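# Understanding the architecture of this molecule
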Amino acid sequence: GAGVSQSPSNKVTEKGKDVELRCDPISGHTALYWYRQSLGQGLEFLIYFQGNSAPDKSGLPSDRFSAERTGGSVSTLTIQRTQQEDSAVYLCASSLVSGKHNYGYTFGSGTRLTVV
Amino acid sequence: SQQGEEDPQALSIQEGENATMNCSYKTSINNLQWYRQNSGRGLVHLILIRSNEREKHSGRLRVTLDTSKKSSSLLITASRAADTASYFCATVPGSGNTPLVFGKGTRLSVIA
């Protein structure tokens, strides 16, 4: 597609429920990233996919968070048993990467998750 | 962990003035990038400067990089109300094999 598409744009969920956030990257971009941003803060790295390599999960805050990328394209970030501290904007980005991260990232508009 | 730290945290200027935002980082970098964010949503890539470059221009934007001081600056000339946004610096640490690490951003307000 023309840009990175994320859905839903807003999600309100009850504490303890599971949520799935979707990201559709730019066609041809081999790298896909998930970040989250709490109110008024910078971006916190969560996970990174590059081609068929094993993902870099070093930023996932707990084992309640997981992500997959099917067919090297669409990615889903799943948060199980949501907690109020999970409330944030979840941002997905994609980029061209050939070993080095020396390209700019294209971000989606994000999913605003509110856990009540 | 935060790699880049922007300064100031907030900046308010009159339309037509220049805006300068600074970024300091802690470790060696492969490249440094600046992004703009409107309304707390998606970020837009503005400019990338590699570790062997000292200055880059793009329209009204000028970015400098001083690797000896581990710092960068973003200058927006002749600012417009539409430049009101948060600006983030982000670094690719080390050899370039790890994703971008973002700072907390500078909130720029341009008053018409």
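Report follows, based on the coordinates. All values reported here derive from a predicted model rather than from experimental measurement.

Here is what the cut-offs are and how they apply
Residues numbered from 1 in each chain as written. Chains lettered and ligands numbered in written order. Predicted model: local features only at pLDDT ≥ 70, side-chain atom pairs only at ≥ 80, totals over all residues. Heavy atoms only, no water. Helix = DSSP H or I, 4+ residues; strand = E, 2+ residues; numbered from the N terminus. Rg over C-alpha atoms; globule rule 2.2 N^0.38 Å. Buried < 20%, exposed > 50% of the residue type's maximum accessible area, 1.4 Å probe, protein only. Areas by Shrake-Rupley, 256 points an atom, 1.4 Å probe, with all protein chains shown as cover. Lys, Arg positive; Asp, Glu negative; His and termini not counted. Charge placed at Lys NZ, Arg CZ, Asp CG, Glu CD. Phe/Tyr/Trp six-rings, centres within 6.5 Å; stacked < 30°, edge-to-face > 60°. Pairing = 2+ DSSP bridges. Axes fitted to C-alpha atoms, helices over the stretch in contact; angles between N-to-C directions. Salt bridge = Lys/Arg side-chain N within 4 Å of Asp/Glu carboxyl O. Polar contact = N/O pair within 3.5 Å; in protein donor to acceptor, adjacent residues only side chain to side chain. Contact = heavy atoms within 4.5 Å.

## Observations concerning the overall build of chain B
Looking only at helices and strands, chain B features zero helices and 11 strands. For chain B, whose C-alpha radius of gyration is 13 Å, the value lies close to the compact-globule estimate of 13 Å for 112 residues. Overall, the C-alpha framework of chain B stretches about 45 × 25 × 20 Å when taken along its three principal axes. Burial status across chain B gives 46% buried among its 112 residues. Accessible surface, chain B: about 5100 Å² in total, of which carbon and sulfur atoms supply 46%. The centroid of the 13 positive side-chain charges in chain B is displaced by 6 Å from the centroid of its 9 negative side-chain charges.

## Considering the packing of aromatic side chains
One pass over the full model with this rule turns up nine aromatic pairs over all chains. Arranged with centres 5.7 Å apart and planes meeting at 70 degrees, the rings of Tyr35 of chain A and Phe45 of chain A form a pair that is edge-to-face. With Tyr35 of chain A in strand β4 (residues 31–37) and Phe45 of chain A in strand β5 (residues 43–50), this residue pair connects regions lying 10 residues apart in the sequence. Grouping residues by exposure puts Tyr35 of chain A and Phe45 of chain A together as buried. Arranged with centres 6.4 Å apart and planes meeting at 40 degrees, the rings of Tyr105 of chain A and Phe107 of chain A form a pair that is tilted. Take Tyr105 of chain A: its relative accessible area is 1%, and that puts it in the buried class. One aromatic cluster is present, formed by Tyr33, Tyr35, Phe45, Tyr48, Tyr105 and Phe107 of chain A together with Tyr35 and Phe102 of chain B through successive ring pairs.

## Considering the sheet that holds strand β6 (residues 65–69) of chain A
Residue and element names in this part refer to chain A. The four strands are arranged β1-β3-β7-β6 in an open sheet whose pairing can be described as antiparallel. Only two strands of the sheet have a single partner each, and these edge strands are β1 (5–7) and β6. This sheet shows a mean twist of 15 degrees between the axes of neighbouring strands, independent of strand direction. Note: strand β3 (residues 19–24) against strand β7 (residues 75–79), five bridges, orientation antiparallel. Within β7, the position partnered with Val19 by the bridge is Ile79.

## Remarks on the side chain of Glu6 of chain B
Residues and elements named next belong to chain B. Position of Glu6 relative to the elements: it lies in strand β1 (residues 5–7). Of the side chains with opposite charge, Lys104 lies nearest to the buried Glu6, which makes no salt bridge, at 8.9 Å. One polar contact links the side chain of Glu6 to the main-chain amide nitrogen of Lys104, over a distance of 3.0 Å. From its side chain, Glu6 meets the backbone nitrogen of Gly105 in a polar contact 2.9 Å long. Not counting chain neighbours up to four residues away, the residues in contact with Glu6 comprise Asn22, Cys23, Trp34, Tyr87, Phe88, Cys89, Gly103, Lys104, Gly105 and Thr106.

These results come straight from atomic positions and should not be treated as a statement about function.
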